[in-house]
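What the coordinates show
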Amino acid sequence: MASDDRLMRLDETGRVLEWHRAAQEAFGWSAEEAVGRTAASLLRGGPAGPARPAALRPVLVRPVMAADGTLVWEVCAAAEAASGEDLAILRAMFTQSPVGLHVLDDRLRIVRVNTATRALRGTTEDRLLGRVFSRAYGLADPRQEEAAARRVLETGRAELNRIVRVVPGPAGHEHSVYSVSYVRLENVRGDVLGLVASAVDVTEREHALWRLSVVDEVRRRVGERLDVIAACQEFVDAVVPRFSGIAVVEVVEEVVRGEAPPLVPVGREVPLRRAAFRGVVSAYPVGEVRQLPYGTPFSRVLTDLRPRLITVDDDSLWLAADPPRADAIRASGAHSLIVAPLALRGEALGVVSFYRHREEEPFEEADVSLAADVCAHAALCIDNARRYARERTIAATVQRRLLPQRPVVPDTVELSHLHLPAAEGGGAWFDVIGMAGSRTALIVGEVAGHGMAAATTMGQLRTVIHSLASLDLAPDELMARLSDTAARLATERAALPTGDPLHREPLTASCLIAVYDPIDLTCTFVRAGLSEPVVVPPDGAPAVVAVPAGPLLAGPGNAPFPATTAALPAGSTLAVGTRSLARDVLAPSAPLRALFDEHAHEPLPDLCDAVAYAVSDVPRADDALLLLARTAALPAERVFRCALPAGPEAAPFAREEARRRLRAWGVDREAAFTTELLVSELVGNAVRYGAPPIRLRLICDGVLTCEVSDGATSAPHLKHARTSDETGRGLFIVATLADNWGTRYQAGGKTVWTQQALNGCP
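Below or above, wherever it landed, is the structure these notes cover. Keep in mind the model is a prediction, meaning the values are calculated, not measured. (Residues numbered from 1 in each chain as written. Predicted model: local features only at pLDDT ≥ 70, side-chain atom pairs only at ≥ 80, totals over all residues. Heavy atoms only, no water.)

**A short note on the nonpolar core**
- If you look at the biggest cluster of nonpolar residues, it comprises 61 residues, and the most contacted ones within it are Phe235, Phe243, Val249, Leu342 and Phe354.
- If one sorts the elements of this core by residue count, helix α13 (residues 365–402) sits on top with 10 residues.
- With near-sequence residues (within four places) excluded, Val249 lies in contact with Cys232, Phe235, Val236, Arg273, Arg274, Ala275, Ala276, Leu342, Val351 and Val352.
- Core analysis: the next-biggest nonpolar cluster, separate from the first, contains 30 residues, Ile433, Val447, Leu489 and Ala509 among them. (Core = buried A, V, L, I, M, F, W, Y, C linked by side-chain atoms within 4.5 Å. Buried < 20%, exposed > 50% of the residue type's maximum accessible area, 1.4 Å probe, protein only. Helix = DSSP H or I, 4+ residues; strand = E, 2+ residues; numbered from the N terminus. Contact = heavy atoms within 4.5 Å.)

See the structure below:
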């Protein structure tokens, strides 16, 4: 002890032998005055009166052997002396506190422990005292803890709440987790005496946090993609190695296809697909579909949906029922197994197997409930993916059924198309519609959105287009009426209840209509939102057709849809694409435009394949469609034209000319007579109600078309004449004899036409 702490030395009778400076300062007596007097007389009063209470502080008295061999008592200031309350607290901490306390010396040896410490590991105090703290217990990483303790000794900075794991000992203690804190011990002078290490058993808390972390990881990672197989793979990635060393997910094959899962108990004949695996050795390849062997925990789980904890031994009877799985279990060293169902609403989606192997701790009963919890979440995600797959399949099926299955393509047009469907199904479509006068309407459209809503809207618009095309409307008028219909559909959608998903999806669509005339070798274009078409002349370079842009279908305002007519020589190739493919292939700066130009004159299937091979296979958010058409001219010998007089002689003249032409085409007499009657009625109406010039045109291209044009725009009206009426039966006769008839208006008047299916027409 330092000399500054000494107050005095006393002999056996209490007389002062030595009086130090600290005593002089505390009591006021000088050394000359104090030596030889009793300590009691000195403490009763000094030169300044009785001793102050502050001077009567605790002291330490210890026996000391003097130089002459006599025993003297040394009195020192007791700055570190503990009060009675302090001693009571220390006694309680070391006898009753649930926190384990270890007093370590400067070499980290245990010099004292409390009663809780001995209870922590069920050991005696004698087995702990004198041992290095980090080696007295079976710590998972003793070197790390010893390094932490030495840092506290060196720096004095406490390290608190360190999570320390203790591995099971030879006595069979369970795996434990402690929260350990290190605090340096110093005396009043700052000398380092050692450490106090406190340890609190937090095994249950850490296990609870670990269970929560497993559940949180599964919830965070599983279900990011609406795909059954992807959800299964996300699940095994989330639980391995956090929960188990090996995980296998086997899903009912019907669920993978998007169909409804079977009810429990699941029959033996129901096949399951090994959807995901992560571990050491897989008994079966991922993706294999098979029936589960009877008499195994896996098949039993699908009968009652009860998870099972199983200890895997070499003599387990169920291993013989599934030899490949038994071999994989032995090869991976698995010793503990939990089999849990993937189930929802009493329906079985599949089964999950969790294995712990090699040095991993066996599963406990508490792990069974954790496995059930994570499997319940995985089942919900898999079922969501299944429902999405079903909706996607239905939407894709509806879209395929609504697209032209085997479009009737006339001889004057050769077609090829490339359709790249979106992952969720979209609303892109094309149509080929034969029109009067051997013309062909080529239509490409795209409905914004995905899934069933886009597919059904596309079907509605296709139906409208076919209905309007049968009226032989001009392309710009057809587009305007199509837009009106789309606007009405959009209004109906906006009027749906706010809870309906369609209420939040505005209806917008784009479309391009091209009407090709193989007689005049022209094509009339009108577009609503889609990109401009590209035309490849038979002996020239591809070029974009400048078609004015019209508004989107169902768009705001009443902007018109301007039409453009361009010459289209026989052998030309027309290319029309939806937004994404037009951007990637047809636009002048498109990345694949050079490839398109290179293959533009090749056969259409080869051109279509070249584009398909070059387009990125990245999943698309929207449908992509490219329509290619190569034109041909209608042979001149299949078309007959003649001008007609404006008087009553026009009908017999037209009949004679028609008779001569039909005879040259080899039309049988009965069909020729019917055609002469139709020509007579149409010409008679044109003479009576129309205006010159009057023209007759006959077209034979598989069907016989008869067209009578005049300069008036008055609309013919079909009447049902009474028995007593002498007129009004002309168009009724025409409608009865012809397979189809209609009126087409143009800038210089109108054309009334009829069509007849004739076997003899070349």
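Text resumes after the structure shown.
**A short note on the environment of Asp191**
- Mapped onto the elements of the fold, Asp191 is located in the loop between β8 (176–186) and β9 (192–201).
- In this structure, Asp191 is in contact with Leu185 and Glu186, ignoring residues within four places of it in sequence.

**Things to note about the packing of aromatic side chains**
- Taken as a whole and assessed by the stated rule, the structure comprises 6 aromatic pairs.
- Taking the centre distance of 6.0 Å and the plane angle of 25° together, the rings of Trp210 and Phe243 count as stacked. Of this pair, Trp210 sits in helix α8 (residues 203–221) while Phe243 sits in the loop between α9 (228–239) and β10 (246–252); the two residues are 33 residues apart in sequence, bridging distant segments of the chain.
- The buried category is assigned to Phe243, whose relative accessible area is 2%.
- Look at Phe243 and Phe363: their rings are 5.3 Å apart centre to centre, the planes differ by 40°, and that puts the pair in the tilted class. One end of the pair, Phe243, is in the loop between α9 and β10; the other, Phe363, is in the loop between β15 (347–357) and α13, and 120 residues separate them in sequence. (Phe/Tyr/Trp six-rings, centres within 6.5 Å; stacked < 30°, edge-to-face > 60°.)

**Some thoughts on the sheet that holds strand β13 (residues 308–311)**
- Ordered in space as β12-β11-β10-β15-β14-β13, the 6 strands form an open sheet in which the pairing is antiparallel. Looking at strand neighbours, the two that pair on one side only are β12 (289–291) and β13, the edges of this open sheet. Shown here is a sheet whose adjacent strand axes are inclined to one another by a mean of 25°, direction ignored.
- Contacts between helix α11 (residues 297–304) and the sheet are confined to β11 (271–278), β13, β14 (334–344) and β15, with β15 contributing the most and set at about 140° to the helix. (Pairing = 2+ DSSP bridges. Axes fitted to C-alpha atoms, helices over the stretch in contact; angles between N-to-C directions.)

**A few points about the environment of Gly350**
- Within the secondary structure, Gly350 sits in strand β15.
- Among the residues examined, Gly350 registers a relative accessible area of 0% and is labelled buried.
- Between the C-alpha atoms of Gly350 and Leu302, which are 48 residues apart in sequence, the distance is 7.6 Å.
- The residues contacting Gly350, other than those within four sequence positions of it, are Glu250, Val251, Val252, Leu272, Leu302, Pro341 and Leu342.

**Some points on the environment of Glu364**
- Of note, Glu364 is situated in the loop between β15 and α13.
- As for Glu364 and Leu309, which are separated by 55 residues in sequence, their C-alpha atoms are 7.9 Å apart.

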